[in-house]
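The residues making up each chain are set out below.
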Number of protein chains: 2
Amino acid sequence: MSSDIEIASQATLRPIADIAASVGLTVEDIIPYGHYAAKVPLAHITSDAEAPAGRLVLVTAMSPTPAGEGKTTTSIGLADAINQVARADGWEPVPGKQPAVLALREPSLGPVFGMKGGAAGGGWAQVLPMEDINLHFTGDFAAIALANNLACTMLDNHLHFGNELDIDPRRISIRRVMDLNDRALRQTAIGLGGYNGGIPREDSFDIVVASEVMAIFCLATSLSDLKRRIGRIVVAQTRAKEPVTVDDLGAAGAMTALLRTALQPNLVQTIEHTPAFVHGGPFANIAHGCNSVLATTAALRFGQWAVTEAGFGADLGAEKFLDIKCRAAGLRPDVAVVVTTVRALKYHGGVARADLETEDVAAVEAGLPNVLRHLENLQEVYGIPAVVSINRFPSDTDAEVARVIGMLAEHGVTAVEANHWAHGGAGALDLARAVVAAGERGGDQPGAARYCYELGMSLEAKIEAVATRIYRASGVDIPPKVQRKLDQFRDEGYGELPVCIAKTQYSFSNDPAALGAPTGHRLQVRDVRLSAGAGFVVVICGDIMTMPGLPRRPAALQIDVDEAGNIIGLF
Amino acid sequence: MSSDIEIASQATLRPIADIAASVGLTVEDIIPYGHYAAKVPLAHITSDAEAPAGRLVLVTAMSPTPAGEGKTTTSIGLADAINQVARADGWEPVPGKQPAVLALREPSLGPVFGMKGGAAGGGWAQVLPMEDINLHFTGDFAAIALANNLACTMLDNHLHFGNELDIDPRRISIRRVMDLNDRALRQTAIGLGGYNGGIPREDSFDIVVASEVMAIFCLATSLSDLKRRIGRIVVAQTRAKEPVTVDDLGAAGAMTALLRTALQPNLVQTIEHTPAFVHGGPFANIAHGCNSVLATTAALRFGQWAVTEAGFGADLGAEKFLDIKCRAAGLRPDVAVVVTTVRALKYHGGVARADLETEDVAAVEAGLPNVLRHLENLQEVYGIPAVVSINRFPSDTDAEVARVIGMLAEHGVTAVEANHWAHGGAGALDLARAVVAAGERGGDQPGAARYCYELGMSLEAKIEAVATRIYRASGVDIPPKVQRKLDQFRDEGYGELPVCIAKTQYSFSNDPAALGAPTGHRLQVRDVRLSAGAGFVVVICGDIMTMPGLPRRPAALQIDVDEAGNIIGLF
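Thresholds, definitions, all that
Residues numbered from 1 in each chain as written. Chains lettered and ligands numbered in written order. Predicted model: local features only at pLDDT ≥ 70, side-chain atom pairs only at ≥ 80, totals over all residues. Heavy atoms only, no water. Helix = DSSP H or I, 4+ residues; strand = E, 2+ residues; numbered from the N terminus. Rg over C-alpha atoms; globule rule 2.2 N^0.38 Å. Buried < 20%, exposed > 50% of the residue type's maximum accessible area, 1.4 Å probe, protein only. Contact = heavy atoms within 4.5 Å. UniProt positions renumbered as here; feature names shortened; annotations may be inferred. Polar contact = N/O pair within 3.5 Å; in protein donor to acceptor, adjacent residues only side chain to side chain. Buried area = accessible area lost by both parts, 1.4 Å probe. Salt bridge = Lys/Arg side-chain N within 4 Å of Asp/Glu carboxyl O. Expected span 1.5 Å × (residues − 1). Least-squares fit on C-alpha atoms with pLDDT ≥ 70 in both. Axes fitted to C-alpha atoms, helices over the stretch in contact; angles between N-to-C directions. Parallel < 35°, antiparallel > 145°, perpendicular 65-115°, else oblique. Nonpolar A, V, L, I, M, F, W, Y, C, P; charged D, E, K, R; others polar. Pairing = 2+ DSSP bridges. 1 Å grid on protein atoms, 1.4 Å probe; cavity = no way out; pocket = protein on both sides within 12 Å on 5 of 7 lines; lining within 4 Å. Points joined across faces, edges and corners; volume = space filled by probe spheres on them. Right-handed = clockwise from strand over helix to strand, strands pointing away. Phe/Tyr/Trp six-rings, centres within 6.5 Å; stacked < 30°, edge-to-face > 60°. Lys NZ or Arg CZ within 6 Å of the ring centre and 35° of its normal.

A few words now on the overall build of chain A. Scanning chain A from terminus to terminus reveals 20 helices and 26 strands. Relative to the compact-globule value of 25 Å for 571 residues, chain A shows a C-alpha radius of gyration of 23 Å, a close match. In terms of its C-alpha atoms, chain A occupies a principal-axis envelope of roughly 70 × 55 × 50 Å. By the burial criterion, 64% of the 571 residues in chain A qualify as buried. Long-range pairs, those at least 24 residues apart, make up 74% of the contacts in chain A with a sequence separation of at least 6.

Residue and element names in this part refer to chain A. In the numbering used here, UniProt assigns the "binding site: ATP" (unreviewed entry) feature to T65, P66, A67, G68, E69, G70, K71 and T72. In this structure, T65 sits in the loop between strand 3 (55–61) and helix 4 (71–89). Residue classification places T65 among the buried residues on the basis of a relative accessible area of 3%. Within the fold, E69 resides in the loop between strand 3 and helix 4. Side chain to side chain, E69 and T65 meet in a polar contact 2.7 Å long.

Every contact between the two is made by 71 residues of chain B and, on the other side, 71 residues of chain A. Counting each side, the surface lost to burial between chain B and chain A is near 5700 Å², with a carbon and sulfur contribution of 64%. There are six salt bridges connecting chain B and chain A. With a closest N to O distance of 2.9 Å, K227 of chain B and D560 of chain A form a salt bridge. If you look at where chain B meets chain A, you find 37 residue pairs in polar contact (both at pLDDT 80 or more). By residue number, the principal contributor to the side of chain B that touches chain A is helix 7 (residues 140–160) of chain B, which donates 10 residues.

What follows concerns helix 16 (residues 398–410) of chain A. All names here are of chain A. Here helix 16 is 13 residues long and its end C-alpha atoms lie 18 Å apart, about the 18 Å a rise of 1.5 Å per residue gives. For helix 16, the elements touching its buried residues are helix 14 (342–348), helix 15 (361–381), strand 18 (386–391) and strand 19 (415–418). In the stretch just after helix 16, G412 is the one whose phi turns positive, near 75 degrees.

Once that is clear, we can look at the relation of the copies chain B and chain A. Between chain B and chain A, which share one sequence, the superposing operator has a rotation angle of 180 degrees and an axial displacement of 0.0 Å; the RMSD is 0.0 Å. Both copies are brought into coincidence by an operation consistent with a two-fold rotation axis. In this assembly the copies share their binding face: 100% of the residues contributing to the interface of chain B also contribute to that of chain A.

This brings us to helix 19 (residues 459–470) of chain A. Residues and elements named next belong to chain A. Its 12 residues place the ends of helix 19 16 Å apart at the C-alpha level, agreeing with the 16 Å of an ideal helix rising 1.5 Å per residue. Here helix 19 has its buried residues at L459, K462, I463, A465, V466, A467 and I470. A positive phi of about 60 degrees marks R472, the residue just after helix 19.

Let's shift gears to unusual backbone geometry. At the junction of L128 of chain A and P129 of chain A, the peptide bond is cis and its omega measures out at -5 degrees in the coordinates. Within the secondary structure layout, P129 of chain A lies in the loop between strand 6 (125–128) and helix 6 (130–134). A positive phi angle is found at F312 of chain A, which is not glycine, with a value near 50 degrees. For F312 of chain A, a relative accessible area of 22% gives the class partly exposed. The backbone of F137 of chain B shows a phi angle near 50 degrees, a positive value even though the residue is not glycine. Positionally, F137 of chain B belongs in the loop between helix 6 (130–134) and helix 7. For F137 of chain B, a relative accessible area of 12% puts it in the buried group.

What follows is about the packing of helix 4 (residues 71–88) of chain B against helix 18 (residues 429–441) of chain B. Residues and elements named next belong to chain B. Two numbers describe how helix 4 lies on helix 18: the axes approach to 8 Å, and their chain directions differ by 80 degrees. Taken together, the axis directions place helix 4 and helix 18 in an arrangement best described as roughly perpendicular. Of the residues in helix 18, those in contact with T74, L78, A81, I82, Q84 and V85 of helix 4 are L429, L431, A432, R433, V435 and V436. Each residue belonging to the contact of helix 4 with helix 18 can be placed in one class, and the counts come to nine nonpolar, two polar and one charged.

What follows is about the sheet that holds strand 12 (residues 234–238) of chain B. Paired through their backbone hydrogen bonds, the strands of a sheet run either parallel or antiparallel. Residues and elements named next belong to chain B. Taken in spatial order, the three strands make up an open sheet running 7-12-13, and their pairing is antiparallel. Edge strands, defined here as strands with exactly one partner in the open sheet, are strand 7 (167–172) and strand 13 (243–245). Direction aside, neighbouring strands of the sheet carry axes that sit 50 degrees apart on average. Both strand 7 and strand 12 contribute to a ladder of two bridges, which runs antiparallel. Looking across to strand 12, one finds that I172 is bridged to A236. Of the strands in this sheet, strand 7 and strand 12 are in contact with helix 7, which crosses strand 7 at around 135 degrees.

On to empty space enclosed by the protein. Applying the stated criterion across every chain, the model contains seven cavities of 30 Å³ or more. Considering only enclosed or pocket space, the largest cavity measures out at about 180 Å³ in volume. Residue assignment for the lining of the largest cavity shows that the elements contributing at least two residues are helix 7 (140–160) and strand 8 (177–178) of chain A together with helix 7 and strand 8 (177–178) of chain B. Here the residues of the lining of the largest cavity sort into 11 nonpolar, two polar and two charged.

Now for the pattern of salt bridges. Considering all chains together, one arrives at 56 salt bridges over all chains under this definition. A salt bridge links R171 of chain A to D168 of chain A; the shortest N-O distance between them is 3.6 Å. R171 of chain A sits in the partly exposed class, given a relative accessible area of 36%. Via salt bridges that share partners, D156, R176, R201 and D203 of chain A together with D182 of chain B belong to a single interconnected network.

Quick look at the pairing of strand 18 (residues 386–391) of chain B now. All names here are of chain B. Summarising burial for strand 18: six of the six residues are buried, a large majority. Taking every second residue as pointing to the same face, both faces of strand 18 are buried, with A386, V388 and I390 on one and V387, S389 and N391 on the other. Pairing between strand 18 and strand 19 (residues 415–418): four bridges, direction parallel. Among the inter-strand pairings, S389 is bridged to a residue of strand 19, identified as V416. Running through helix 16 (residues 398–410), the crossover from strand 18 to the neighbouring parallel element strand 19 is right-handed.

The relative placement of two aromatic rings is captured by the distance of their centres and the angle of their planes. Using the criterion set out here, one finds four aromatic pairs over all chains in the structure. Seen in terms of ring centroids, Y33 of chain A and Y33 of chain B are 5.1 Å apart; in terms of plane orientation they differ by 55 degrees. Their pairing is tilted. On the criterion of chain membership, the pair formed by Y33 of chain A in the loop between strand 1 (31–32) and strand 2 (38–39) and Y33 of chain B in the loop between strand 1 (31–32) and strand 2 (38–39) is interchain, its members lying in two chains. For Y33 of chain B, a relative accessible area of 14% gives the class buried. Ring centres 5.7 Å apart and planes at 15 degrees place the aromatic pair F205 of chain A and F205 of chain B in the stacked group. Residue F205 of chain A is located in the loop between strand 10 (201–203) and strand 11 (206–207), and its partner F205 of chain B is located in the loop between strand 10 (201–203) and strand 11 (206–207); the two belong to separate chains. Each member of the pair, F205 of chain A together with F205 of chain B, is buried. The ring of Y451 of chain A has R327 of chain A sitting right over it, with the charged end atom 4.1 Å from the ring centre. Lying over the aromatic face of F508 of chain A, R373 of chain A brings its terminal NZ or CZ to 4.9 Å of the ring centre.

Structural data, given as structure tokens:
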């Protein structure tokens, strides 16, 4: 079996100018970054297009195992498959559009050098050039890190030169970031060494994808919207507990200047030459976990079908995609794909992680309620039709796969086996046809936005709505200290923001060991944080790690450059 | 008077493909980064060219005032002027070459957001697009920062997981970096917070240009040379005081992978469309202060004349250019330009900084010994012919400029007034003709390498050679503690490395207040550090700041993006 980078190195890439031309963009329209990637200026994305916007496909998943169930590969395989179906079935061409265009997240260097490896798909469902996309790419994350850290150094400089804003050094909420897993920076003391080191205080570094600047980057609809949102970031409180913002520091202009180029979505291609916008990638717990709004907008502008993904399982990823991103950007998916695996079903059916490759049809059956609940949520809470994609792994048996399809059919759900990892788009043709059929039937009337909660509700009621309607908790526990912070957010005028709940992705509850479809649990809120620039209140339930550590044997040990200058050891 | 960015915004850029074509490169040969910048693959630079390598012009300076004397603008104006002269005088075209090509350093974001502003030239002598070059550009510095910081997190991870190499946490020499002025990171404590934070220790962050990875990046002649040098970086000592290297951590491959794209020199253009390779930019005190060897090699490959610059005054910049960079890369300049200003002459003649704009011919005369000594050093120590360029400022009077030219003529030195800041290449035509004439006459026989010291000398003798021959000190004082470190370096096999002396740029001595041409002073060595990957021993004399701070009113406060998406406020 070939590794991802071996498969990628066998692929023949088309010049990015050709990919751009396939969606009606000239070489002058795009900003090339090498011969196989380009940034697309916002004017071409947000302009009133003659062609109508495409239909939006959201790829989400059941509650995952720690290995992940393959949302990115499914997204890629599905888009490639739609393009194959369009050719096979002779779809009428739409000028300036491809049948399917992708919008995906950019990989962070943390996992690339840490445990997980690359994040540009896998097998025959990859976006290319995978080694560039995984390693620094067009520099977007570095620009985001610099913008964030510029605010931090301007804040500490303000403290050093007299602290005119009367910032309380014990109440600084913005943290420095780095796009690496760096355990030793989780808790630090800075400003040491006497006068020349500035004002001593505690600081914590986050990984760049956990920063509010990243969340803002992914929600901004224009450069001026980006600047406005950046200016609103609350970086600290005064000694009188008044919020201090980036605008108070005077840093929004320079931060936006750093991000001006980065904000333009990156265009690349799949192995099968499907156009893919790979842009932005915030955490899916303390942020909303989706690629940039501008990338999704671009995919809708240039695709008859725009395929995009959300983070983690549907309880976290799809909920935030819908209640935060779609609401902010005026988007609405026409159909959702729930990625399901035999492995994850067995896991939720009670099988230990070490035994997931052993056939166990009964366990598959036992895990089904997890998928069914995610489907119910999408269809009944949000009114979005959903199709199940069974992402086939080599160890899955035909009997297991057949049982999943059969059981879901009993519940009126279309479930399709997908083999894009092994066969590219050709392995996902059935999925493509099922998705197109469901998406064309549609769910709600167009424009009938249905969310889990309305913004006018109180922050507490919004948390309760997600907890009871999506997680099926019996209620929410908010400690008095946290309640006071919620009261303060309301008093400061942030009560109308949506909520962004950070909890484990392994369970509907906030206990990662409560697998399947638990009920009767209570959502324990540990803390709340304001992301005023991104425009949500983060609700922290459980332990959320915002700076990962490297494992004992990090993936970086295997990554190298060979004599010919090729990257090797990247998975 | 227009600001730099206003002048830049009025310029008409040519597509980078046209600039590449002007030196015989096709659009397929280059790697575009937008329409006005490209990376040039090493294969095109280091291949055996049919055309012979060009002649090398080193632009250096007298001991500067804190404002700087204009080496970068002089380099740009000179290259533009040579191209104008070639057209005016009908030079015979050489296939695949322009008459003049530039090699310059990349700006760091520290000064851009701090005190100094942009560093892409100024007035009508700029490289473009200046706002991109100044802000993140092709991401090289971000990649260098990530590569450096990857070694740091792998080191701390090694400590966390049992410290098999027996690293002494009190003897870690590699530091994390950030490409910002961030005073609060000068002295930090990391690894706090108990088990999950790793092993507590002190750390200091440097600005990225002060890192050894940056110095290596600028001395590497190929990707494999880069990897070899990175692997040799000594990151720490064991408890038995044995050196621990990047290779011991297993990080060299992944670090090189991060730098693979960045290592290719960036091609841009001046306002007058002269090709310019803008690439790398290490500190000029604890490192050698020059753009990358690969950029200089590219300028020689594609120019009949390659114009490049060194940092600070000639005592620091030219010395390191010659004794470190040229020796390592097999280069030798045909002619040096010593940038001189009436302001700096008056400063060395004893005029206070506040009075430098008042005419004072006597002070100009009194400052002359400073320039004469730099000229003597270049001509007599290194055997390189030198021309003085008087970088004209609006406040200079004709009488002052005439006196400089007259006095230097009495010493047999060609001095030419240059007005490139106000008039571009047209303002530096006399300089261009003088440089070409001197460079064609040449100094030594070609290939007759003459350095200030030979590598086989002891480290102490090498320090003494620079101190007495270049700085004209009476001797060197090395404290016993530092002598022990030098002994250790020798015992470890590093005795044959060149020395890189870090001292103030304001004086030949290590007392910044000793202006003019001091003698009889002694060079006080405070510390020595090993840069085994870069391949030199850093000799620290005086206070060297490797992480600048922001001023009270940082330049970042003025930088912004206007409604049309243009950068404003960048100087």
